[in-house]
Amino acid sequence: MALLEVKNIHKAFDGNQVLSGVDIKVNKGDVVSILGPSGSGKTTLLRCINFLEKADDGQFIFEGKEYDLSRIKKADIADIRMKTGFVFQSYNLFANKTVLQNVTLGLTSARKMPKKEAETKALEVLLKVGMDSFRDYYPSQLSGGQQQRVAIARALATDPSILYFDEPTSALDPQLTAEVLGVMRELAKEGMTMIVVTHEMGFAKEVSSHVVFMADGNVVEEGSAKEFFENPKQLRTREFLRISQS
């Protein structure tokens, strides 16, 4: 049984169809990379899956429970979000809070975890991403790569069943990109289930168990990373890979 499955998801903005019946399936331990040109619907798909956008139609199945995306209740969304983590492109850290406070806030406020327990958990995940020695720093004192690693720690602190990444390295230079991708590689080795919207072809090829290629709001092609990169079936896929890897 899949951990997460989305069937026939549709989303339009002001009459512009952004998702046109997309299906995606993720098994426990999978690292699914979603690739595609700008405007293909990748980020919209991720935001609909995490309910940051409301899909117009589609079925959402998570841990064996099925929901209608157009009618899902707020309480169900809250329950699902308690089991998922989201890492944004732009870090989304609180500028007036330290690294430790940024990680503990969701634990103490949303989950009502005692402060001491939250701090212990926060330090554990900060150590995992190599940021424990920066616990008392503020975001403005950190590089972009360091801020993104704190954002990953914040998402990990909730012990999610699945982590979503929305182009987590797109705002970073190559050296800082390598820092963040290194953390993600380690998470993959540990069996963390992840959906990653990315332009990083190397990461997708080396780390992904499954690759989904989108264009114009549809899934054009999908398959194992090896099959996708070594033997793409569709002309559109081959053109995308040629441009991306040139």
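Residues numbered from 1 in each chain as written. Predicted model: local features only at pLDDT ≥ 70, side-chain atom pairs only at ≥ 80, totals over all residues. Heavy atoms only, no water.

Can you break down the pattern of salt bridges residue by residue, with the values?
In total, this model carries 13 salt bridges according to the counting rule given. Across the pair E124 and K121 runs a salt bridge, and its minimum N-O distance is 3.3 Å. Of this pair, E124 and K121 both sit in helix α4 (residues 115-128), three residues apart, which is roughly one turn of that helix. Here E124 falls in the partly exposed class, since its relative accessible area comes to 47%. Several salt bridges share partner residues, and in doing so they unite K121, E124 and D159 into one network. (Salt bridge = Lys/Arg side-chain N within 4 Å of Asp/Glu carboxyl O. Helix = DSSP H or I, 4+ residues; strand = E, 2+ residues; numbered from the N terminus. Buried < 20%, exposed > 50% of the residue type's maximum accessible area, 1.4 Å probe, protein only.)

Describe the sheet that holds strand β1 (residues 4-13), and please don't skip the residues or the numbers.
In a beta sheet, neighbouring strands pair by backbone hydrogen bonds and run either parallel or antiparallel. A sheet is described by the order of its strands in space; here four strands give the open sequence β2-β1-β4-β5, paired in antiparallel fashion. The open sheet is flanked by β2 (16-26) and β5 (65-68), the only strands paired with a single partner. Here the average twist between neighbouring strands, direction ignored, is 20 degrees. Alignment of β1 against β2, held across eight bridges, turns out to be antiparallel. Of the residues in β2, the one forming a bridge with I9 is V22. (Pairing = 2+ DSSP bridges. Axes fitted to C-alpha atoms, helices over the stretch in contact; angles between N-to-C directions.)

Residues and numbers for helix α9 (residues 235-244), please.
Restricting attention to buried positions, one finds in α9 the residues T237, F240 and L241. Along the axis of α9, the buried residues cluster in a sector spanning 95 degrees; they form a single face. Across from the buried face of α9, at angles greater than 90 degrees, the exposed residues are L235, R242 and I243. Along its buried surface, α9 packs onto β3 (31-35), α7 (201-207), β9 (210-215), β10 (218-223) and α8 (225-230). (Arc of directions from axis to C-beta. Contact = heavy atoms within 4.5 Å.)

With reference to specific residues and values, describe the layout of surface pockets.
By volume, the largest pocket amounts to about 530 Å³. In terms of lining residues, the largest pocket is bounded by 18 residues, among which R81, T84, G85, F86 and R111 are the most central. Secondary-structure elements contributing two or more residues to the lining of the largest pocket are α2 (74-81), β6 (84-87), α3 (99-109) and α5 (144-156). Here the element with the most residues in the lining of the largest pocket is α3; it accounts for four residues. For the lining of the largest pocket, the residue count by class is nine nonpolar, six polar and three charged. (1 Å grid on protein atoms, 1.4 Å probe; cavity = no way out; pocket = protein on both sides within 12 Å on 5 of 7 lines; lining within 4 Å. Points joined across faces, edges and corners; volume = space filled by probe spheres on them. Nonpolar A, V, L, I, M, F, W, Y, C, P; charged D, E, K, R; others polar.)

Can you break down the pairing of β5 residue by residue, with the values?
Bridge analysis of strand β4 (residues 57-62) against β5 gives four bridges, and the strand direction is antiparallel. Across the sheet, residue F60 finds its bridge partner in β5, namely Y67.

Outline the packing of aromatic side chains, supporting the account with residue identities and numerical values.
A complete count under the given rule lists nine aromatic pairs for this structure. Seen in terms of ring centroids, F51 and F60 are 5.2 Å apart; in terms of plane orientation they differ by 65 degrees. Their pairing is edge-to-face. Between F60 and Y67, the ring centres sit 6.3 Å apart and the planes meet at 50 degrees, which makes this aromatic pair tilted. Classification of Y67 as buried rests on a relative accessible area of 13%. Members of the aromatic cluster, joined through ring pairs, are F51, F60, F62 and Y67. (Phe/Tyr/Trp six-rings, centres within 6.5 Å; stacked < 30°, edge-to-face > 60°.)

Tell me about the environment of E222, and name the residues and values.
On the secondary structure map, E222 appears in strand β10. When the C-alpha positions of E222 and V32 are compared, they lie 9.9 Å apart, and in sequence the two are 190 residues distant. Among residues more than four places away in sequence, those in contact with E222 are H210, V211 and V212. At 2.9 Å, the side chain of E222 and the side chain of H210 are in polar contact. (Polar contact = N/O pair within 3.5 Å; in protein donor to acceptor, adjacent residues only side chain to side chain.)

Provide a residue-level description of the packing of α3 against α4, including the pertinent values.
α4 packs onto α3 with a crossing angle of 125 degrees between their chain directions and a minimal axis gap of 9 Å. Looking at the two axes, α3 sits oblique to α4. As α3 runs across α4, the sense of the crossing is right-handed. Across from V99, L100, V103, T104, L107 and T108 in α3, the residues of α4 making contact are K115, A118, E119, K121, A122, L123, V125 and L126. (Parallel < 35°, antiparallel > 145°, perpendicular 65-115°, else oblique. Left-handed = near helix turned anticlockwise from the far one by under 90°.)

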